[in-house]
Amino acid sequence: MKMNLKKQFILRFLVGMPIGLLICYFITLFISIGIGDGNFYPVPTELTNLCKSQLNAVIVQTIAGMIYGGMWGGASIIWEVDSWSLTRQTVTHLIVISVISFPIAYVMRWMPHNIYGILIYCAIFLFIYFGIWLGTYCKIKAQIKQINSKINSWYGEPPFPSREDSSQVSQHILPERKLDVRFDEKLLFHHIWLIWWK
């Protein structure tokens, strides 16, 4: 029996938590590279000052990272609302993820606290989001077209058994026809997110 959405949300949230920690690591790695003094900073200096110690800052960032990744995983259930169009699913998912991501990124000092820092963060976030979306879309669409082509080539010559009728004319039991797999965008992204988060 298929799990209900609540159970799926919990499961995907748990799966996303360690991914969130990995994201935190790479963010602090890039921040350290940007500082460029040869040292690795496990948390931004501003967060350390805010939390009064580096250990406290690491604990806070670890919790925030797990929530960050968990909510990304949990939000993937949006792609399973079959009654919604692909456009509605995409817009809803983007809004939910943005509302989750921005406060965490802001509090964790993953962006400068000024208008330019916020704009740059939003631009990078949207670029990555739609880059992944579009890249996955094009890749899977191309794969489906390739599958269609192979299936149609297989059925170009009917593989059905033949028999002799009363007039001794060989006829196929079933008429010749090609099998066509239709490209369904909504179903496509439903399966993409199932693969990523199950």
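On a predicted model such as this, the values are computed, not experimentally measured, just so you know.

### Looking at the overall build of the protein
Piece 1. Broken down by element type, the protein carries six helices and two strands.
Piece 2. If you list the helices and strands of the protein from N to C, you get α-α-α-α-α-β-β-α.
Piece 3. Counting over 198 residues, the protein shows a buried share of 31%.
Piece 4. In the protein, 62% of the contacts between residues at least 6 apart in sequence involve partners at least 24 apart.

### Some thoughts on a nonpolar patch on the surface
Piece 1. Among the surface-exposed residues, Ile115, Tyr116, Leu119, Ile120, Ile124, Phe127, Ile128 and Ile132 lie close enough to one another that they form a single nonpolar patch of about 900 Å² accessible area.
Piece 2. Along the polypeptide, Ile128 turns up in helix H5 (residues 115-154).

### Considerations on the packing of aromatic side chains
Piece 1. Applying the stated rule across the entire model yields twelve aromatic pairs.
Piece 2. Between Tyr25 and Phe40, the aromatic rings sit 6.1 Å apart at their centres with planes inclined by 45°, giving tilted as the arrangement. A residue pair is termed long-range when its members are at least 10 positions apart, and Tyr25 in helix H1 (residues 5-35) and Phe40 in the loop between H1 and helix H2 (45-51) qualify at 15 residues.
Piece 3. Between Phe125 and Tyr129, the aromatic rings sit 6.4 Å apart at their centres with planes inclined by 25°, giving stacked as the arrangement.

### Here's the deal with the nonpolar core
Piece 1. Among the nonpolar cores identified, the biggest contains 22 residues, and Leu47, Trp72, Ile104, Met108, Trp110 and Phe125 are the most heavily contacted of them.
Piece 2. Only H2, helix H3 (54-75), helix H4 (86-107) and H5 provide two or more residues apiece to this core.
Piece 3. Counting residues per element, this core draws most heavily on H4, which supplies six residues.
Piece 4. Not counting residues up to four positions away in its chain, the partners in contact with Phe125 are Trp72, Leu94, Ile97, Ser98 and Ser101.

### What to know about the confidence of the model for the protein
Piece 1. Summary statistics for the protein give a mean pLDDT of 77 and a share of 76% for residues scoring 70 or more.
Piece 2. Within the protein, the lowest mean pLDDT, 44, falls on strand S2 (residues 170-172), and the highest, 92, falls on H3.
Piece 3. Note on residues 157-183: pLDDT is under 50 here. Beyond four places in sequence and across chains, it has 32 contacts.
Piece 4. Low pLDDT, under 50, characterises residues 193-198; the stretch is placed with 17 contacts to residues that sit more than four places away or in other chains.

### Details of the packing of H4 against H5
Piece 1. Between H4 and H5, whose axes approach to 11 Å, the crossing angle comes to 140°. When the axis of H4 is compared with that of H5, the two are oblique. H4 and H5 meet at a crossing whose hand is right-handed. Across the interface between the two elements, Leu86, Thr90, His93, Leu94, Ile97, Ser98, Ser101, Phe102, Ala105 and Tyr106 of H4 pack against Ile118, Tyr121, Phe125, Leu126, Tyr129, Phe130 and Trp133 of H5.
Piece 2. When grouped by side-chain class, the residues that make up the contact of H4 with H5 number 13 nonpolar, four polar and no charged.

### Describing the side chain of Gln61
Piece 1. With respect to the secondary-structure elements, Gln61 resides in helix H3.
Piece 2. Among the residues examined, Gln61 registers a relative accessible area of 6% and is labelled buried.
Piece 3. The residues contacting Gln61, other than those within four sequence positions of it, are Cys24, Thr28, Pro42, Val43, Pro44, Leu47, Met108 and Trp110.

### Quick look at unusual backbone geometry
Piece 1. Its identity as a non-glycine residue notwithstanding, Lys52 has a phi of 75°, on the positive side.
Piece 2. By the secondary structure assignment, Lys52 is in the loop between H2 and H3.
Piece 3. Residue Arg109 is not a glycine yet carries a positive backbone phi of 65°.

Basis of the calculations
- Residue positions within a chain follow its written sequence, with the count starting from 1.
- Owing to the predicted nature of the model, reporting of local features is limited to residues with pLDDT of at least 70; listing and counting of side-chain atom pairs is limited to 80 or more, with chain, interface and lining totals taken over all residues.
- The basis for every side-chain value is the complete set of heavy atoms in the structure, and neither hydrogens nor water enter the calculation.
- Segments assigned H or I by DSSP are reported as helices when at least four residues long, segments assigned E as strands when at least two residues long, and all are numbered from the N terminus.
- The buried label goes to any residue with under 20% of its type's maximum accessible area, the exposed label to any with over 50%, and the partly exposed label to all in between, with areas taken from a 1.4 Å probe on protein chains only.
- In this analysis, two residues are considered to be in contact whenever any of their non-hydrogen atoms come within 4.5 Å of each other.
- Residues with no salt bridge and a relative accessible area higher than 30% make up the patches, which join like charges within 9 Å and nonpolar side chains (Val, Leu, Ile, Met, Phe, Trp, Tyr) within 5 Å.
- The method behind every accessible area is Shrake-Rupley, applied with a 1.4 Å probe, and residues are considered shielded solely by the protein chains displayed.
- Salt bridges are identified by distance alone: a Lys or Arg side-chain nitrogen within 4 Å of an Asp or Glu carboxyl oxygen.
- Pairs were defined over the aromatic rings of Phe, Tyr and Trp, the Trp ring being its six-membered one, requiring ring centres within 6.5 Å. Orientation was assigned from the angle between planes: stacked under 30 degrees, edge-to-face over 60, tilted for the rest.
- For our purposes a nonpolar core is just a set of buried Ala, Val, Leu, Ile, Met, Phe, Trp, Tyr and Cys residues, chained together by side-chain atoms within 4.5 Å.
- On a scale of 0 to 100, pLDDT captures the predictor's confidence in every residue.
- Each axis is a line fitted through C-alpha atoms, and for a helix only the stretch in contact is used; angles between axes span 0 to 180 degrees, taken between their N-to-C directions.
- Geometric relationships in this document are graded by angle, where less than 35 degrees denotes roughly parallel, more than 145 denotes roughly antiparallel, 65 to 115 denotes roughly perpendicular, and other angles denote oblique.
- Here a crossing is called left-handed whenever its near helix is offset anticlockwise from the far helix by less than a right angle, and right-handed whenever the offset is clockwise.
- Here the nonpolar group is Ala, Val, Leu, Ile, Met, Phe, Trp, Tyr, Cys and Pro; Asp, Glu, Lys and Arg are the charged ones; every other residue, Gly included, is treated as polar.

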